[in-house]
Amino acid sequence: MTVPPDGFSSSAADDDPVAEDETIAAPPGNLWDRMKSDPQYAPEHLALEAVRRLGPQARDWAERSRAMQPDVPADVLAQRAVKRFRNHARLSGAVSGAAGLPGAVVDVGVLAWTQARMVLHIAAAYGIDPTHPDRATDLLVLQKVHKAAEAARIALGVAAGRERASALFARSGGTPLTGVMLRLGIRLAQMAGVRAAKRMVAKVVPGASIALGTWANSSATTALAKRAVEIFRDTPRSLPSAT
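Scoring rules and cut-offs
Residues numbered from 1 in each chain as written. Predicted model: local features only at pLDDT ≥ 70, side-chain atom pairs only at ≥ 80, totals over all residues. Heavy atoms only, no water. Helix = DSSP H or I, 4+ residues; strand = E, 2+ residues; numbered from the N terminus. Buried < 20%, exposed > 50% of the residue type's maximum accessible area, 1.4 Å probe, protein only. Contact = heavy atoms within 4.5 Å. Areas by Shrake-Rupley, 256 points an atom, 1.4 Å probe, with all protein chains shown as cover. Expected span 1.5 Å × (residues − 1). Bend = angle between axes of the 7 residues up to and from the residue. pLDDT = per-residue confidence, 0-100. Core = buried A, V, L, I, M, F, W, Y, C linked by side-chain atoms within 4.5 Å. Salt bridge = Lys/Arg side-chain N within 4 Å of Asp/Glu carboxyl O.

Trainee: Sorry if this is basic, but what is going on with the overall build of the protein here?
Mentor: The helix and strand inventory of the protein stands at 10 helices and zero strands. Along the protein, helices (α) and strands (β) appear in the sequence α-α-α-α-α-α-α-α-α-α when read from the amino end. Here the protein holds 243 residues, and the buried ones make up 49% of them. In the protein, of all internal contacts separated by at least 6 residues, the share reaching a separation of at least 24 is 81%. Put simply, the protein shows about 10900 Å² of open surface, and 59% of that area lies on carbon and sulfur atoms.

Trainee: Would you mind showing me how to read helix α2 (residues 42-68) here?
Mentor: Residues spaced three or four apart along an α-helix face the same direction, because each turn holds 3.6 residues. The first and last C-alpha atoms of α2 sit 37 Å apart over 27 residues, in line with the 39 Å expected at 1.5 Å per residue. Within α2, the axis deviates most sharply at L54, by approximately 45°, and proline P56 lies no more than four positions further along.

Trainee: I'm lost on the environment of L91 in this one. Help?
Mentor: As for its position among the elements, L91 is in helix α3 (residues 74-95). We classify L91 as exposed; its relative accessible area is 53%.

Trainee: Got a minute to help me understand the confidence of the model for the protein in this structure?
Mentor: Caution is warranted with low-pLDDT regions, since their predicted coordinates should not be read in detail. Averaged over every residue, the pLDDT of the protein is 79; the share at 70 or more is 71%. Segment residues 1-7 is flagged for pLDDT under 50; beyond a separation of four residues in sequence, or across chains, it makes 16 contacts in the model. Low pLDDT, under 50, characterises residues 166-172; the predicted model gives this stretch nine contacts beyond four residues in sequence or across chains.

Trainee: Just checking my understanding: could you explain the nonpolar core for this structure?
Mentor: A general feature of soluble globular proteins is that nonpolar side chains tend to end up buried together. One finds M35, L46, I122, L188 and F232 to be the most contacted residues of the largest nonpolar core, which totals 59 residues. No other element matches the 13 residues that helix α4 (residues 100-125) contributes to this core. Leaving out residues up to four positions away in the same chain, F232 has contacts with V119, I122, A123, Y126, I128, R135, D138 and L142.

Trainee: How do you make sense of the side chain of T114 when you look at a structure like this?
Mentor: Mapped onto the fold, T114 is located in helix α4. On the basis of relative accessible area, T114 is assigned to the buried category, the value being 4%. In contact with T114, not counting residues within four places along its chain, are A25, F85, H88 and A89.

Trainee: Explain the environment of A42 to me, please; I cannot follow it from the model alone.
Mentor: Along the chain, A42 falls in helix α2. Given the relative accessible area of 0%, A42 is considered buried. Residues A42 and W32 lie 10 residues apart in sequence; the distance between their C-alpha atoms is 8.8 Å. Once residues lying within four places of it in the same chain are set aside, the contact partners of A42 are M35, L184, R187 and L188.

Trainee: Can you help me understand the pattern of salt bridges in this one?
Mentor: Should the charged atoms of two oppositely charged side chains come close, the side chains can pair. Taken as a whole, this structure holds eight salt bridges when the rule is applied. Here E49 makes a salt bridge to R34, at a shortest N to O gap of 2.6 Å. Of this pair, E49 sits in helix α2 while R34 sits in helix α1 (residues 29-37), and the two are 15 residues apart along the sequence. Accessibility classification places E49 together with R34 in one group, the buried group. In this structure, R53 engages E49 in a salt bridge whose closest nitrogen and oxygen atoms are separated by 2.5 Å. Residue R53 and its partner E49 are located together in helix α2, separated by four residues, close to a single helical turn. Owing to a relative accessible area of 35%, R53 belongs among the partly exposed residues under this scheme. Three or more residues joined by partner-sharing salt bridges are found here, namely R34, E49, R52 and R53.

Shown next as structure tokens:
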């Protein structure tokens, strides 16, 4: 069975028979610490950590799926990932926002993490190694943090250097927490596709956050999924098990 060109079909995506560890469904605490310490490079820190933590999970999911169903088309595997993580994104938008600005930042952070997880699963579905460092570059370009791969690689190199610097973790800084959270939220919202500033602000307005969050998360995730399917479907296979 083949999925239509847009990568989505209401009937083609069977329920995924492969269970996965959901304990990494949200960014780990040490990642939040790095992003709060270095909000300018928050997307880069998230992309690097996503490949490290989520790449192996995506690879194992694809391998187990093919072992259980050897004839399953790559398009169907990709669509299962899209369906699953789009649902996660909708849930993220529905349950956050009640805690004001910090809640809004958590929401876009979880959304960006969920989207990264989805992209890595889509890559694995098409036989692309989700653990390769190039996937961090792909994430930043697909999520429109950077327009070109070279700019993304440079930014990742800077973020990796900052990550290794002990001063990054020792900063107390003079920036008020509200200012840090606002800068972090804006950078993560850019990564997650919630581009209009008023959307993020609306997440902290009681009564508006649930409906807006659910719609914005689903819309941004669907658009990202289509870009990822288009890119990875035409990329030469690179999973270690495929060579």
